[in-house]
Each structure stands twice: as C-alpha cells, then as structure tokens.
Amino acid sequence: MNPHIAHHYLLSGHVQGVGFRPYVYRLAKQHGLVGWVKNLTGQVDIRVQGHPTQVLAFATDLLKQAPPLANPKIVSEHDCPVAENLTTFEILASGTDSLSQVHVPPDYFTCDDCLNELHTPTDRRYRYPFINCTQCGPRYTLIVQLPYDRPHTSMAAFPLCPACLAEYENPANRRFHAQPLACPECGPQLSFRPSPPAPLPRGEGRKAESMVFSPRPEGEGQGVRVAIEAFQACVQALRNGEIVAVKGIGGYHLCCLARHDEAVLRLREKKPRPAKPLAVLFPWQGAEGLDAVNSQVELDPLTVAKLRDPSRPIVLMRKRQDCSLSPHLAPGVAELGVMLPYSPLHHLLLEEVGEALVATSANVSGEPVLTDNEEVERRLPQVAEAFLHHNRPIVRPADDSVWKLIAGKLRPVRLGRGYAPLELTLPTAVPQPLLAVGGHLKNTIALAWENRVVISPHIGDLDSARSLDVFGQVVTDLQKLYHVQAHTLVCDAHPQYASTRWAKRSGLPLLSVFHHHAHASALVGEFFDSDAQGKFALTPGPSPPGRGAGGEGSPWLIFTWDGVGLGPDGTLWGGEALYGFPGQWQRVASFRPFYLPGGDKAGREPWRSAVALCWETQTLWATLPIDTTLLYQVWQRRVNCPQTTAVGRLFDAAAALTGVLHTTSFEGQGPMWLEAICNESTEWIALPIEKDASGKWQTDWGPLVSYLLNETFPVEQRATVFHNSLAQALLAQIRQVSSEYPIGQIGLSGGVFQNCRLTETVVQLLREVGMKVYLAEQVPGNDAGISFGQIVEVLGRF
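Values in this document were obtained by computation on a predicted structure and should not be read as measured data. (Residues numbered from 1 in each chain as written. Predicted model: local features only at pLDDT ≥ 70, side-chain atom pairs only at ≥ 80, totals over all residues. Heavy atoms only, no water.)

A. Quick peek at the overall build of the chain. Of regular secondary structure, the chain possesses 21 helices and 31 strands. Relative to the compact-globule value of 28 Å for 798 residues, the chain shows a C-alpha radius of gyration of 28 Å, a close match. With respect to the three principal axes, the spread of C-alpha positions in the chain is 85 × 75 × 50 Å. Counting over 798 residues, the chain shows a buried share of 61%. Long-range pairs, those at least 24 residues apart, make up 72% of the contacts in the chain with a sequence separation of at least 6. Put simply, the chain shows about 29,400 Å² of open surface, and 51% of that area lies on carbon and sulfur atoms. Distance from the positive charge centre (69 side chains) to the negative charge centre (77 side chains) of the chain: 2 Å. (Helix = DSSP H or I, 4+ residues; strand = E, 2+ residues; numbered from the N terminus. Rg over C-alpha atoms; globule rule 2.2 N^0.38 Å. Buried < 20%, exposed > 50% of the residue type's maximum accessible area, 1.4 Å probe, protein only. Contact = heavy atoms within 4.5 Å. Areas by Shrake-Rupley, 256 points an atom, 1.4 Å probe, with all protein chains shown as cover. Lys, Arg positive; Asp, Glu negative; His and termini not counted. Charge placed at Lys NZ, Arg CZ, Asp CG, Glu CD.)

Structure, rendered in structure tokens:
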C-alpha cells in the first residue's frame, strides 16, 4: 500500500512576478515532495505528493515563508489521487485559465542581493544599471499582456545570452523566469545626448554626439563596469549644474543638483513650475541608507519605514532648520518630498554625483510623465539640457507615488509606481463589469468585476491632448491586462469634465455619480472588511436604540471638504456633511454659500474667493491689490458667478485676505502656504450654525472675514485661528447632526483634509469627546480616489 498522499492548491493574490514558482519549487524539494507548480493567468496551480508528514510541513510553510513581495491567498485546496508517474518536482509552462483572476504586479525597487552584485567588481553585472531578479525590478511598466512571461513584455526584444538563459532556466536560481532579466552582453543600454540644437554653456566634458553605453571593455573579464562615456557624461553634466532628463522605470525625471540654487531656479523657469514643490532623490548612504536624508529632513519612524519600503515612494518629510539644500525646492512650505533610489541606475548616479538630486517628473506640467526617447526630446528641448536615455521601452507611464504623514498614519496623496495598479476587495460583487473614469483633476480610473476593483496609477489633469491620449491608453490597457471588458461606464455628474465627455462619446451605457457622493463612498469602500463579513456595511444595518447613538452597521457621517464639485442642486459643493451609505447619501450640514466671481478662475486666483466673501458680508478690503469695479458689477448680476459652499475656496480666501498670496501657480498653493505659517495657538472664533430653509445645518463663515483682514494680529495668528475655527465648526456640526440622527462612523474625505494642521486638530477634538474618525489609508482622499468612490457609490445602488 502506497503511504503517500497528494494535495492540490490553487493560489491567487500577488503571486506572479515575485518569484513565487521558484519559491514553491525550492520548498517542495526541501520537504522531499514530487509534483508540479505552474502559472495560470493570475493564479498559481500547485500539486504536491509525498509522505503525509512532509505534505503537512509543506502546507504549513507555503504561506508563512512566501517571498516578501508576494501576497498569496489560497483559493482552494483538496486531496487528490496519488499519481504513480510523478518522480520529481517540476515547474510547468504557464497556462491561460481563469482569465478574470489576473493580478498585475507593480514595479519594485532593487533588492539587496542585486545591490550587492551591482557593487561586486568580480560579478558579471558589476555596475550594470539594469540588474534585477525575481524579487525586484520593473513589472507593470514593461508588461504588454498576461500571463507574465518574457515574450509578453518589452524585454522580448532582448534575446538572452547563454549565461542569462542558464539562470533563467534554473529553478534553483533566484533569476529563474525573471522576465526583465538582462546583463551587459544582452540587455538594455544607456545613451547620452545634449539637448539639440546647440551645446549649453556649462557643458565642460560633454560631447555633442550621442554616446552609447559600451557593455564590456576589452580585457575586463568578469569585472563589468559602467564608468563609460554616456554614464560619465551624465554625471559630469549634473555636477556642472545642468538639467538632465533621465529615463527611469516608469518615465523620465528632470534632474539637477538639489543644492544648486541657479540650477533649481532655471528648472523652475524652463518647465515652467514657479513654486510647486520639487521632489528630491537622496543617495543611499550609511548602514540604513538614511545618512544623507537625515542631514536635511527630520526623521520619524513611520516616514522612515515608508521611505525604505520596497515601493520606494516620495514621502513628505519636515525640513530641518539647518537644511542646506536650495530653499527654492519647496518655497513656502515646511515639508520636502523625499525619495530614496529604487532603480540600479539611480543608485549608480547618486553614488557618482555624491549628493542629492532634484527628481521631478519630466512632463509638461499637469500631464502624465513622458516615457519615449524621441518624444521627450521633441517636447522638452527647452527644458532639459541633456538626456540620459536607455532602449528598454516603457509600455505605460507610472509616476512616483506620494505619501504624507497625517494624524499619525502615512496616507497616499498620489498612487503610482510601486503601488498601482491597486487592487481592493468590494463588499459585494458587481452585477456586470464597470469602468469608472474618475474626475477631471488628479485623474485615475477604476475597473470593477466580480468582487474586485483595480485602481489605475495616477494619470493627471485632463486638460491637454496628451493627458487624454494617456487616459485612453490606460482605459484600454487595464481592460486588456485583466481580461475584463467593461459593460457600463461610471462618470462624474459634471458635464464639462473631460472624463465625462469621453464617457458620453463611448456609446456604452452610462451611470453618473455626484462628486462628493464619490468622495464619501470611497472612504466607506476602503474600510469595508471582507474578513469581518461587512464590518462597515454598504447597506443599512439595524440601528441601535436611542437618538444620536450609533455603531458598526449604522449610517456614516462623512465630511467631504475640497475645492469644488457639482452637487445635485446644480451648485458647486465642497463643504458638505453627508449622512447615510453609498447610494443613499443625505446632505445634513454645509457652509454658508457665496457666489464665486469668474468661476473656475478662482482656483488659481485666491483673491476672487476673498473678494467674494467681502462682498457677501459688506466688508471693506482696503488693501485689495486689484481694481474690481467692473467685476463687482458682474458679480451683482451673477454672471459667471456660480454659487459654492466649498471649504477649499474658503482656504483660498483666507490666504488672500491675510496677504499670504493673491494668485497661485498650482492648485492648493494658497492653503499649503497658509498651513505652513500656523503657530501652536488654540484660539478660535465660534462660527454661527443654524438650519437653513431646506432643513440642513449651515455654518456661517462670516465672522472670520474681518478677523482675517485685521493686521493688528500677526499673520501667523490669523492663519492659526482660521484653521482652529473650521475644526471647531466641524465639531459643532457633528453635535447638531448627532442630536437628530444615529451615527455609526465619522469620516473625513476630500483634498482639504490633506492639510495636516486642520485634520489633526479635528481628530484631536473628536478624540477628546470620545469619537473616532476615519481617513483614507490606501486610496488618496483627494480627487485621485474619485474613480474608486464612483464604483462603490454605484454598487450601493444595486
């Protein structure tokens, strides 16, 4: 009698592109088992056979010892008949079953093993800028289609040399089926060229012709070096203070010395990007890689952990008082966008240059990052003064992710490389595949089918032809990659959003969602706990007895504060308290409305919001720097003066009334600069609250106007009182609403709550009265989360 047993596993989750099959192979060999493992499209199929004790030990270790980048989940497991013909354990060729179970891996950093080889002179990949293995390197940006095999990636054009092929085919090697696998003999190459047509004045050591990476100099043996002309020319250009467009994993960065005032100012002038903060890429120095970072910004355990995470995002960190980098990197704000190297090329460049570099997206401001060698030269010749290219195609763009510490947790501001596409589980299955096309600014899209939803990387503002082209590409790509075709589109209710117009032209059935309903639903959708069987249900559960009581399953009260978005009443919302559940929101509190002169222009001209508040309250703004005689007449007739309740516009007004700034060069600049000057005062002004004619609670911002204009108080004090007063106003709204309705959970959603000072004051006030508040932790709370919210909102209607 055969004492052996056989067991079958089907695993899903993040199990492709992370070295999972070689891991299973080694684990099975370790436990003396026979059988096989193979990729399906999005899943891994495993059969093991052996002594019961060994099979049990394998089962115990399978998830516990999984590769660090993997996130496996057992879909099914069962005993199966013993196969007498199995004599070894094999990795079989990929299959294409279960197409809808695809999981697309994001791009990863360079692992420690590869870094060690990168710096080992005797290694054949010594200083090779495209070194990678199954535990690191590009994924999402080079996959053409799934299953994730080399012929389905942009590496198909690079046939493997014999040495790489031997690694690729050896299950015991960590490069077994590493699809981006390459070496200097067979892989991608660097090239360098100055910006045409004329060389720049600081071009010492630079050649006018294109310089191509020569893989291995004669006589070098196994010592492969990358100190070649193209690489060294780039290093020299950076040291000379030039702006170099450097091709990376998901697109190009515009790089220059972060301490070099003239270079930073020149970059700002050329892009143009007058004031928006620039991210800084620091060299990996010291045992933990943080020595250079520590010399310029304040370290915190949470931000450090995120900074060193395999996703390697940009993390916003507070500048040190003795920061020696250019003050023009992030004018007017206390934080700096910090990033550690995540590609081998980054490591090599930073080591050679020896100091921090600006690394901002190479694009026309607001557009997706550029990815193509010829296009970047064609579109940015007046910005970049040199180009460091490589010839590995980038299939789709992926900007760097951005995270910020708010109220004790790291929260996403932008999802991109390393995090997206982001997959979440829906509380219930959608009846048919849905594609949500998001908003107009900070656009993302979301694809939902069964109980899965996938959110795209950041696309950007849809104001240009290229942004719309990339938007269309991502729409097509996401459906192709996941083998899901959307039957219905979901869009914002605003008819002028580019995403809405695109959806209407598609010819597919269309559902519309109001902007702030999507903000509220995004928060609810994120905190659904599938393991708890609907911890925060999308549909009403039994409410606890007593007015004002609440608990899990009771309705949400979510404050959706942002710039502006179209509301159901045709006005521009942005300061709303929404009560209920996805698909059934009720507006229960808001702010005193005002008419916004110039409409959309107010987003870049805060003085317009400020003067509107003055006119509404009949307050004289004696130092108003602009002649508004004609505008006032237009405002009185309500011509191009939409009505709004947006808190974001109140922040703009406060920035102008205090004299912080009257016009801006990027969205949110006024509120950011206003926040940066706040002090530690707890003083606040009580704002009147009463019910309006429709029965909702309305807070009157009127008492703030004269105070903000009162120059007998320091500007820092006025900024602080403004923040504190709005936080107290939110608490007052909660008290009024909870006297009438049972509240289960309180949430904060919308771009205004990326203001640390406001949000942390609100959280502290609520904590003092025994209330817990929820903020986004996986999906950005700004408009980048709108697409996800649109899916959840529609799901609540079914």
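B. Geometry of the sheet that holds strand β3 (residues 44-50). On the basis of which strands lie adjacent, the open sheet formed by 5 strands has the order β4-β1-β3-β2-β5 and mixed pairing. Strands with a single pairing partner mark the edges of an open sheet, and in this sheet they are β4 (71-80) and β5 (89-91). Neighbour-to-neighbour, the strand axes of the sheet open up by a mean angle of 15°, direction not taken into account. Of the pairings in the sheet, the one linking strand β2 (residues 34-39) to β5 comprises 3 bridges and is parallel in character. Opposite Gly35, over in β5, you have Phe89 as the bridge partner. Most of the contacts of helix α1 (residues 20-30) go to β5, to which it runs at about 175°, and overall it touches β1 (5-14), β2, β3, β4 and β5. (Pairing = 2+ DSSP bridges. Axes fitted to C-alpha atoms, helices over the stretch in contact; angles between N-to-C directions.)

C. Broad picture of the pairing of strand β17 (residues 422-425). Here β17 shows a buried face lined by Leu422 and Leu424 and an unburied face lined by Glu423 and Thr425. For β17 and strand β20 (residues 452-455), the ladder comprises 4 bridges, and the chain directions are antiparallel. Within β20, the position partnered with Leu422 by the bridge is Ile455.

D. The packing of α1 against helix α2 (residues 52-64), seen in detail. Relative to each other, α1 and α2 sit at 150°, their axes nearing to 10 Å. With respect to α2, the element α1 is oriented roughly antiparallel. Like other packed secondary-structure pairs, α1 and α2 cross with a definite hand, here right-handed. The residues of α2 that touch α1, namely those facing Phe20, Tyr23, Val24, Leu27 and Ala28, are Phe58, Asp61, Leu62 and Leu63. (Parallel < 35°, antiparallel > 145°, perpendicular 65-115°, else oblique. Left-handed = near helix turned anticlockwise from the far one by under 90°.)

E. Up close: the pairing of strand β12 (residues 335-339). Counting buried positions over the 5 residues of β12 gives 4, a clear majority of the element. As judged from the 2 bridges shared by strand β10 (residues 280-281) and β12, these two strands associate in the parallel manner. Opposite Leu281, over in β12, you have Met339 as the bridge partner.

F. Here's a closer look at the packing of aromatic side chains. Applying the stated criterion across every chain, the model contains 19 aromatic pairs. Geometrically, the ring pair formed by Phe20 and Tyr23 is tilted, given 5.5 Å between the ring centres and 55° between the ring planes. Taken together, the residues Phe20 and Tyr23, both in helix α1 and 3 residues apart, mark about one turn of the helix. For Phe20, a relative accessible area of 1% translates into the label buried. Relative to Tyr419, the ring of Trp403 lies with its centre 4.9 Å away and its plane at 40°, an arrangement referred to as tilted. Note that Trp403 is positioned in strand β15 (residues 402-406) and Tyr419 in the loop between β16 (409-414) and β17, a separation of 16 residues in sequence. Side by side, Trp403 and Tyr419 carry an identical accessibility label, which is buried. Chaining the aromatic ring pairs together yields one cluster made of Phe559, Trp561, Phe591 and Phe753. Above the plane of the ring of Tyr140 lies Arg396, whose end atom (NZ or CZ) is 5.0 Å from the centre. A cation over an aromatic ring shows up here: Arg417 above the ring of Tyr342, its NZ or CZ 3.4 Å from the ring centre. (Phe/Tyr/Trp six-rings, centres within 6.5 Å; stacked < 30°, edge-to-face > 60°. Lys NZ or Arg CZ within 6 Å of the ring centre and 35° of its normal.)

G. Structural detail: the pattern of salt bridges. Tallied over the entire structure, the rule returns 28 salt bridges. Among the ionic pairs, Arg308 bridges to Glu288, the shortest N-O distance being 3.5 Å. Of this pair, Arg308 sits in the loop between α8 (301-307) and β11 (314-318) while Glu288 sits in the loop between β10 and α7 (291-294); the two residues are 20 residues apart in sequence, bridging distant segments of the chain. Look at Arg308 and you get partly exposed, because its relative accessible area is 31%. Of the charged contacts in the structure, one is a salt bridge between Lys691 and Glu740, with a shortest N-O distance of 2.6 Å. Taken as a pair, Lys691 in strand β28 (residues 689-691) and Glu740 in the loop between α19 (715-738) and β30 (745-749) lie far apart in primary sequence, 49 residues in all. Since its relative accessible area comes to 27%, Glu740 is described here as partly exposed. (Salt bridge = Lys/Arg side-chain N within 4 Å of Asp/Glu carboxyl O.)

H. Focus on the side chain of Ser361. With respect to the helices and strands, the residue Ser361 is situated in strand β13 (residues 357-361). In this structure Ser361 comes out as buried when scored by relative accessible area, which is 10%. Only 2.4 Å separates the side chain of Ser361 from the side chain of Asp399, close enough to count as a polar contact. (Polar contact = N/O pair within 3.5 Å; in protein donor to acceptor, adjacent residues only side chain to side chain.)

I. Structural view of the sheet that holds β17. The 6 strands are arranged β17-β20-β19-β18-β21-β22 in an open sheet whose pairing can be described as mixed. Where the open sheet ends on each side, the last strands, each with one partner, are β17 and β22 (510-513). Neighbouring strand axes in the sheet, compared pairwise and without regard to direction, differ in orientation by 20° on average. Bridge analysis of strand β21 (residues 488-492) against β22 gives 4 bridges, and the strand direction is parallel.

J. Representation of the nonpolar core in the model. Counting 97 residues, the largest nonpolar core has Phe20, Ile46, Phe58, Leu62, Leu349 and Tyr482 as the members making the most contacts within it. In terms of nonpolar packing, the next biggest core, distinct from the first, is built from 67 residues, Cys256, Ala263, Ile786 and Val792 among them. (Core = buried A, V, L, I, M, F, W, Y, C linked by side-chain atoms within 4.5 Å.)

K. Looking closely at the environment of Glu355. Structurally, the position occupied by Glu355 is in the loop between α9 (344-353) and β13. Sequence separation between Glu355 and Leu257 is 98 residues, and the spatial gap between their C-alpha atoms is 7.5 Å. If we ignore the near neighbours within four places in the chain, the residues touching Glu355 are Leu257, Arg259, Pro283 and Leu350. Reaching out from Glu355, the side chain makes a polar contact with the side chain of Arg259 at a distance of 2.5 Å.

L. Examining α1 more closely. Judged by how many residues are buried, α1 sits mostly within the fold: 8 of 11 residues are covered. Taken together, the buried positions of α1 are occupied by Phe20, Arg21, Pro22, Tyr23, Val24, Tyr25, Leu27 and Ala28. Structurally, α1 contributes buried residues whose contacts are with β1, β2, β3, α2, β4 and β5. One or two positions beyond α1, positive phi appears at Gly32, with a value near 70°.

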